[in-house]
2 protein chains.
Amino acid sequence: MVNTVFYEPDTLKEFAIDVLIKAGVKLDNAEKVADTLICADLRGVSSHGIIRLPTYVQRIEAGVLNPNAETVLEKKGKSVALLNANNGFGQVAGYKAMHTAMEFAGVYGTGMVGVKDSNHFGIASYYSMMALEKDMIGIVLTHSSPAIAPYGTTRPLLGTNPLSVAVPACKEKPIVLDMSMSMVARGKIRYAAMTNSKIPLNWALDEEGNPTDNPQKALKGSLVPIGGVKGSGLALVVDILCGVLTGNSLTGEVKNITDMSGPSKTGHIFCAINISDFVDIIEFKNNIDFIINKIKSLPSAENNPVYLPGEIEYNLADKRMKEGIPIDESVIETLNSLANRYRISNL
Amino acid sequence: MVNTVFYEPDTLKEFAIDVLIKAGVKLDNAEKVADTLICADLRGVSSHGIIRLPTYVQRIEAGVLNPNAETVLEKKGKSVALLNANNGFGQVAGYKAMHTAMEFAGVYGTGMVGVKDSNHFGIASYYSMMALEKDMIGIVLTHSSPAIAPYGTTRPLLGTNPLSVAVPACKEKPIVLDMSMSMVARGKIRYAAMTNSKIPLNWALDEEGNPTDNPQKALKGSLVPIGGVKGSGLALVVDILCGVLTGNSLTGEVKNITDMSGPSKTGHIFCAINISDFVDIIEFKNNIDFIINKIKSLPSAENNPVYLPGEIEYNLADKRMKEGIPIDESVIETLNSLANRYRISNL
């Protein structure tokens, strides 16, 4: 049994900021990184939460991530742009890129900003949800290190390549899809590896292409894409948009977050759609409410409650804002050894 | 065993145009519809080929599709627009909408055109591939009649909601993804029903939610989405974009092409991305060639050749341009009975 301790979100966030500042990150950037980590923990995506902090710090210390890099906007089109992250935090680039995409959408109807030479940016839905405040639809893609074998091959080359789409509602909670193109996100397998848990057999293949319940073997093998050829095709398209359209890197070149041999060379795409350039925004949001309620009133499988994409995460975030975020003792130990090394207070 | 006869593409196309004109379609529109049907047959997507002609004609005769409807462009944003198809052919609206999206992309970097009050438009890749001629990336979505049960429910409400993405290459064939969010397109099940073939057990569920190999039972039940909750989420997002953002219809309201009780109320989304507003187009296309060759050189599963999305379809189209398109005798009979009724030459 794994023991957990509950922490207030702000406690974890301040801890993360303190650690990042000690690692040489300027305050503004540290706040953005910490915010995405705690957002992930609040929403129950612990694989992308504060558990990642030691790896981020390690990348800085190894000199393969520039924590205070200047981002540079390269503008050629009107409603589109490229942002060069200059090997800085994905969170810093992502925040700026999504804001820029939303600005474009406000003027032109849509905005699309590609980011190159970036790093891991946390959870994709952090950025897609930014669009909700402006009554826009947010769409965010990122590619990642080789994990999925292109259909018909046995060698992982494509990332899990997550996609997030956020759609505003009126009285109901927004619809927020956040998914990778594999049966499960690699983060979940990495988390299982860190917590020594087994994984279901339909998640991954070992190096020889056989199903495995061992997360260590799975991390050396490949992940099963959704719908076989379809998920592999979707992952390829995300890779092309995030890697080739941005001039960032070619398929298979993104380094894993734990690979300290050089910059991760990660690319992302951020899009915003200004709903009111299509239809009346009040009508749109009422229609989304209607659809949410229509789906929730359908006969459910095995009498379980029916949830829309993102609903469980919103509910969990509400609960954890009140009751705190549970952190495994093994993770706390790792974080506190980081704190000790930087001579800051333990969690 | 099913007997087939091979026809020259132009023969089939002229036949389709003749039939459509007799059904009251003006030449220009008839040509567009026929072109998408033959394009599907050339690419091996026979479920969306000339086999659909009798159903199109039936919709016109039933008065639930206006074959010569005027399409009206409603413009609010700069790089975006809505096209009201006024219950005309999806092909006519789709052709115009994709062209408009490409025009916007040429000016602003991206273009996005939503279509409302439309009908079945054939294969999505017909339109996404239009972008290739202008060195753009084409992205096309459409929703469709209820086929997939939202995750956690037992009632089909979401369409199979296809997505197509076309990416230009240099010397290699373009990458063209064209996929539905179900394990298979409903058209394949409909085709199996028409040709009295059994279907694999992992394609669909019957009305009670049990796997079935009977295409008739499958058409009354629901289709299995790719990756379970993920495919269901993707289908929902496509539905929202095509139905709600366009002001077209709410989830679950699209009528099946065979339902003659009223207009199908179908919506689509057409997007174009002007690559050269991001990176040098020659470099981009060379990079796509590089990726294609990289994937094709990976160790293959069971020593089978490795194909990129769309490659099999391009190869088949080349072959069928030379050798003709095979049409099942049962389909020929149906088409010829239509020809007899309209007093035009048999196939």
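Residues numbered from 1 in each chain as written. Chains lettered and ligands numbered in written order. Predicted model: local features only at pLDDT ≥ 70, side-chain atom pairs only at ≥ 80, totals over all residues. Heavy atoms only, no water.

1. Focus on the overall build of chain A
Phase 1: When its secondary structure is counted, chain A shows eleven helices and eleven strands.
Phase 2: Over its C-alpha trace chain A gives a radius of gyration of 20 Å, about what one expects of a compact globule, namely 20 Å for 347 residues.
Phase 3: When the backbone C-alpha atoms are referred to their principal axes, chain A occupies close to 55 × 50 × 50 Å.
Phase 4: For chain A, the proportion of its 347 residues judged to be buried stands at 62%.
Phase 5: Intrachain contacts of chain A at a sequence separation of at least 6 include 66% that bridge at least 24 residues.
Phase 6: Split by element, the accessible area of chain A, about 13300 Å² in all, is 50% carbon and sulfur. (Helix = DSSP H or I, 4+ residues; strand = E, 2+ residues; numbered from the N terminus. Rg over C-alpha atoms; globule rule 2.2 N^0.38 Å. Buried < 20%, exposed > 50% of the residue type's maximum accessible area, 1.4 Å probe, protein only. Contact = heavy atoms within 4.5 Å. Areas by Shrake-Rupley, 256 points an atom, 1.4 Å probe, with all protein chains shown as cover.)

2. Quick look at the packing of aromatic side chains
Residues and elements named next belong to chain A.
Phase 1: Considering all chains together, one arrives at eleven aromatic pairs over all chains under this definition.
Phase 2: Members of the aromatic cluster, joined through ring pairs, are Phe-121, Tyr-126, Tyr-127 and Phe-270.
Phase 3: In this structure, Arg-341 packs its charged tip against the face of Tyr-342, placed 5.4 Å from the ring centre. (Phe/Tyr/Trp six-rings, centres within 6.5 Å; stacked < 30°, edge-to-face > 60°. Lys NZ or Arg CZ within 6 Å of the ring centre and 35° of its normal.)

3. Some words on the sheet that holds strand E2 (residues 72-74) of chain B
Residue and element names in this part refer to chain B.
Phase 1: Spatial ordering of the open sheet is given by E2-E3-E4-E10-E5-E6-E7, a layout of seven strands whose pairing is mixed. Strands with a single pairing partner mark the edges of an open sheet, and in this sheet they are E2 and strand E7 (175-179). Recorded for the sheet is a direction-independent mean angle of 15° between the axes of neighbouring strands.
Phase 2: The sheet contact formed by strand E4 (residues 110-118) and strand E10 (residues 266-274) spans seven bridges and is antiparallel. Looking at E10, one finds that Val-113 is bridged to Phe-270. (Pairing = 2+ DSSP bridges. Axes fitted to C-alpha atoms, helices over the stretch in contact; angles between N-to-C directions.)

4. A few points about the environment of A:Asn214
All names here are of chain A.
Phase 1: When you line up the elements, Asn-214 lands in the loop between strand E8 (204-205) and helix H7 (215-220).
Phase 2: Separated by ten residues in sequence, Asn-214 and Ala-204 place their C-alpha atoms 9.1 Å apart.
Phase 3: At a separation of 2.8 Å, a polar atom in the side chain of Asn-214 contacts the main-chain amide nitrogen of Gln-216. (Polar contact = N/O pair within 3.5 Å; in protein donor to acceptor, adjacent residues only side chain to side chain.)

5. Considering the pattern of salt bridges
All names here are of chain A.
Phase 1: Considering all chains together, one arrives at 16 salt bridges over all chains under this definition.
Phase 2: In this structure, the salt-bridge partner of Asp-213 is Lys-198, at a minimum N-O distance of 3.7 Å. With a gap of 15 residues between them, Asp-213 in the loop between E8 and H7 and Lys-198 in the loop between helix H6 (186-194) and E8 connect regions that are remote in the sequence.
Phase 3: Given the relative accessible area of 28%, Asp-213 is considered partly exposed. (Salt bridge = Lys/Arg side-chain N within 4 Å of Asp/Glu carboxyl O.)

6. Looking at the confidence of the model for chain A
Phase 1: The predicted model of chain A averages 95 in pLDDT, with 100% of residues at 70 or higher.
Phase 2: Reported confidence for the predicted complex is 0.96 by ipTM and 0.96 by pTM. (pLDDT = per-residue confidence, 0-100.)

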